[in-house]
Amino acid sequence: MREDIFRLIPAPLLSWYRKNKRDLPWRSDPTPYHIWVSEIMLQQTRVEAVKEYYTRFIAALPTVEDLAACEEEKLLKLWEGLGYYSRVRNLQKAAKTIVFEYGGQFPDDIKSLKTLSGIGDYTAGAIASIAFGKRAAAVDGNVLRVASRLTENATVISDTAYRKALENALTAVYPEEGTACSEFTQSLFELGALVCKPQSPACKACPLNGICRARKHGSQERFPVLPEKKAKRVEDVFVFFIQTPEGFCIRRRETGVLKGMNEFPSAVVNGESAEEVLNGWGVYAFTEKKRKNFTHIFTHIKWNITCVWVETDVAPFDTYSLDEIEESISIPTAFKQCLQIFNQ
Ligand code: SF4
């Protein structure tokens, strides 16, 4: 770690941040609850997309008590489209702990924060520094990129020991406790998001260009060093719109990816036909109306989806109207995109 370089970061970066920070909804009232919800959402989605989800979520569940008491289907509906549903389940689990074990007050120290479901080093650092003004770094992809370039560190950024060492080295240069700590964490995120971007960093406009080794040597594109990408498993999947006189079939997934979520009945297949799958569910008499192909990429799996719309008289699973599905049933994007079949 290049502590000599890190010591030079706070002054110019804070000054730049105060002039250039974006106006984001969670920044206007940075309570621990607001920072926590926004950080969990930001782990998987771009800032621009999160703004809308965040505003809707906080309007529906304004306090940690509301989150703890929220009915599951409503909670999943609020999260619909963000993916990684285990994160919102953990959010609620942690909210219950905060309400029942901490009397509704967030703990303000890293150690206690990390005992809460879904809160690891990064989120604990973000809450402790941004909401409580503590000296605690939060190392995300943006921070790793900026630090790797500043110091020309060639360690693969997925290396946990490197991440921990970077967290410690940055924490050591944090300003005094208070607003400046909150700003310093956000300034590192902001620099990575607005200036030190993955492609074509805007070094001329960077407040750290005088101390940056990658800038000095023209090696920006060589850092950070990313882990090798693993090939994704490819699966062929049928997703069925089973239309009956009572409505469309929906069921809960019991295994595999998206376990516990609602789906239009689906099956991973290995050469079986749509008819064979439907027969396996007791659907023998049906009319196929349309079919359409989609792909969906998960972290480790790629689905080649064939969506098939069939009409039948007997429903093998629970049924809902399209209005009910739209308004109150949470459907993950992998399945929801199949709704386009109606507009073919
Ligand atoms: S000078 Fe360029 S490479 Fe270095 S931190 Fe700034 S934007 Fe990133």
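Residues numbered from 1 in each chain as written. Predicted model: local features only at pLDDT ≥ 70, side-chain atom pairs only at ≥ 80, totals over all residues. Heavy atoms only, no water.

1. Quick notes on the packing of aromatic side chains
Tallying each qualifying case throughout the model produces 16 aromatic pairs. Plain terms: the ring middles of Trp309 and Phe342 are 4.5 Å apart, the flat faces sit at 80 degrees to each other, and that makes the pair edge-to-face. Pair noted here: Trp309 is in strand 7 (residues 301-311) and Phe342 is in the segment after helix 16 (333-336), with a separation of 33 residues, a long-range link. Given a relative accessible area of 10%, Trp309 falls into the buried group. Among the aromatic side chains, those forming a connected cluster through ring pairs are Phe241, Phe248, Phe264, Trp309 and Phe342. Positioned above the aromatic ring of Tyr84 is the side chain of Arg87, whose terminal nitrogen or guanidinium carbon lies 4.4 Å from the ring centre. (Phe/Tyr/Trp six-rings, centres within 6.5 Å; stacked < 30°, edge-to-face > 60°. Helix = DSSP H or I, 4+ residues; strand = E, 2+ residues; numbered from the N terminus. Buried < 20%, exposed > 50% of the residue type's maximum accessible area, 1.4 Å probe, protein only. Lys NZ or Arg CZ within 6 Å of the ring centre and 35° of its normal.)

2. Looking at the domain arrangement of the protein
With domains assigned, the protein is organised as domain 1 (3-222) and domain 2 (233-343). On a C-alpha basis, the centres of domain 1 and domain 2 stand 37 Å from each other. If you look at the interface, domain 1 gives 9 residues, while domain 2 gives 17 residues. Together domain 1 and domain 2 conceal approximately 880 Å² of surface at their shared face, both sides included; 42% is due to carbon and sulfur atoms. If you sort the residues of domain 1 by the area they bury against domain 2, Glu73, Lys77 and Tyr85 come out on top, with a joint share of 54%. Inspection of the region where domain 1 meets domain 2 yields 3 salt bridges. Glu72 serves as the salt-bridge partner of Arg252, at 3.7 Å between the closest nitrogen and oxygen. (Domains from an automatic or database assignment. Contact = heavy atoms within 4.5 Å. Buried area = accessible area lost by both parts, 1.4 Å probe. Salt bridge = Lys/Arg side-chain N within 4 Å of Asp/Glu carboxyl O.)

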